[in-house]
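# Notes for the structure review
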Amino acid sequence: MKSIQQFLLGISAISILVLLYALVQENPLLSKVSAVVSALSFTIGMACIPSLKNYQYTAWIITAVVAGMVYPAAFTHWGTIDLRNKWLILIIIQFVMFGMGIQMSIHDFSGLASTGKGVAIGLLCHFSIMPFMGWLLTKIFDFEPEIAAGIILIGSCSSGLASNVMVYLAKANLVLSVVVTAMATLVAPFLTPLIMKLLAGTLIEIHFINMMMEIIKIVIVPISAALLHDYLKMASPQGKKNVNLLLFISLIWLFALPFGLWHWFESSSLSSEVLQSLEVLSFLLAAIVVGVLYHQGATLFPKLDKIMPYISMFGIIYFTTVTTAAGRENLMKVGFLLFISSVIHNASGYFFGYWLSRLFGLDKNSSRTIAFEVGLQNGGMASGLAGGMGKLGTVGLPAAVFSPWMNISGSILANYWRKKSVENEE
């Protein structure tokens, strides 16, 4: 395997030389092919270099951006299939979130009692600093309204599991990180639409209830299915009986929907809010079915839990590629400013997250943890919401630019703090 990776590194070096030649000769066809080949071969080959191995996922994201920019038509439609279809986007983002949820545990919430102060500081900083900085950047740079709304959106989303990984690498307070991520995920359906309504309501039309329901479908539903799987691992016989009863009710409900139940709801003059609530209820019942079926599958194939994070990664790479392809023209115009904005936004999260935590009396390790929780957003959630709006190429564009940089900067900061651990300083 290592010899293949070394061979691909050689291919990437040759491809870069070919790319430079093609650019000088103004050969667009050769430039496109060599750009994709060099990015792809380097991404696979870099695994044989120990110092670069931790950055391979970020390299995949960058390769996705390159592919989307060079061959946009190939990543917007496959035959008659629109890769930006809102239902396709929803299904894939649910897979992404389910894969992330598999890494969570009900036990994670037990740390709330011992980390209450840190959690409160983390949530306060996350849902104030990042949306405000996003809003401030839209005032500094002259972005079109939908792209500006996308910057505020990614600042208003919860933190993702990437922050937990970075905290682990940095040897900071992992318990606090996991609890903050879990609580931020739970409050996101309420806080994210509220913040968007307040800060981005003049840029695009924001429907509070619609966005709240969408976040529940995108985040809460798949994570609930994953947590049900975790619960079933240690459930008592009575607990399993209760779950089986819920499974039976869920199956009856879901089976009845396409056979007249949903049509009856629609013809009963119910308000749109009630219909949305029934739709979300159907998704939550489907989460019970998925959680139980996945638990059965994981019992038969124990390695399934280890595979799911890779499915999540694939989903994020898919989003990045499709979003880049859909927003290629906008990226050509504002890509550089979006990158500068991502650096400022991300650095502000680290800086204010750390120093405000110190100001509020947290220790160094906990303050480092809050820095990651504030500075790293859930780009998948932002992409999913943009896809649900049908604005993946505009509102979703900042997430495609911000996410790679967050992974790069987070890895660099985590490795720096790992070398300067609090224990070593003491």
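The structure we're discussing is the one just above.
All values derive from a computational prediction rather than experimental measurement.

Attention now moves to the environment of Phe132. Along the chain, Phe132 turns up in helix 5 (residues 116-140). Each C-alpha atom of the pair Phe132 and Ser156 lies 8.8 Å from the other, and the pair is 24 residues apart in sequence.

Turning our eyes to something else, we now look at helix 7 (residues 161-170). Of all 10 residues in helix 7, 7 are buried; the element is thus mostly enclosed. For helix 7, the complete set of buried residues consists of Leu161, Ser163, Asn164, Met166, Val167, Leu169 and Ala170. At its buried positions, helix 7 is contacted by helix 4 (86-101), helix 8 (174-200), helix 15 (364-375) and helix 17 (397-419). Positioned one or two residues after helix 7, Lys171 has a phi angle of 60°, which is positive.

A few words on helix 1 (residues 2-25). Taking 1.5 Å as the rise per residue, helix 1 with 24 residues should run 34 Å; its terminal C-alpha atoms sit 35 Å apart, in good agreement. Those residues of helix 1 lying buried are Gln5, Leu8, Leu9, Ser12, Ser15, Leu19 and Ala22. As for helix 1, its buried residues are in contact with helix 2 (28-45). Following helix 1 by one or two positions, Glu26 has its phi on the positive side, about 55°.

Within the largest apolar cluster, 84 residues are counted, with the highest numbers of intra-cluster contacts made by Phe143, Leu338, Phe372 and Met381. Ranked by residue count, the leading element in this core is helix 9 (residues 208-234), at 13 residues. Setting aside chain neighbours within four positions, we find Phe143 in contact with Leu137, Ala148, Ile151, Val334, Leu337, Leu338 and Ser341. Of all hydrophobic cores here, the second largest spans 17 residues; its members include Val119, Met133, Leu176 and Ala184.

Bringing the environment of Val374 into the picture now. Relative to the assigned elements, Val374 resides in helix 15. According to the relative accessible area criterion, Val374 is buried, its value standing at 0%. Linking Val374 and Phe127, residues 247 residues apart in sequence, is a C-alpha distance of 8.2 Å.

Basis of the calculations
Here the residue numbers are simple positions, counted from 1 along each chain's written sequence. Residues qualify for local features only when their pLDDT is at least 70, as the model is predicted, and side-chain atom pairs are given and counted only at 80 or more; totals for whole chains, interfaces and linings, by contrast, use all residues. Calculated side-chain values reflect all of the structure's heavy atoms, with hydrogen atoms and water omitted. Numbering goes from the N terminus for both helices and strands, where a helix is a DSSP run of H or I of at least four residues and a strand is a run of E of at least two. With a 1.4 Å probe rolled over the protein chains alone, any residue whose accessible area is under 20% of its type maximum counts as buried; one over 50% counts as exposed, and the rest are partly exposed. Any two residues whose heavy atoms approach within 4.5 Å at even a single point are treated as in contact. Helix span is expected to be 1.5 Å times the residue number reduced by one. Buried Ala, Val, Leu, Ile, Met, Phe, Trp, Tyr and Cys residues form a nonpolar core when they are joined through side-chain atoms within 4.5 Å.

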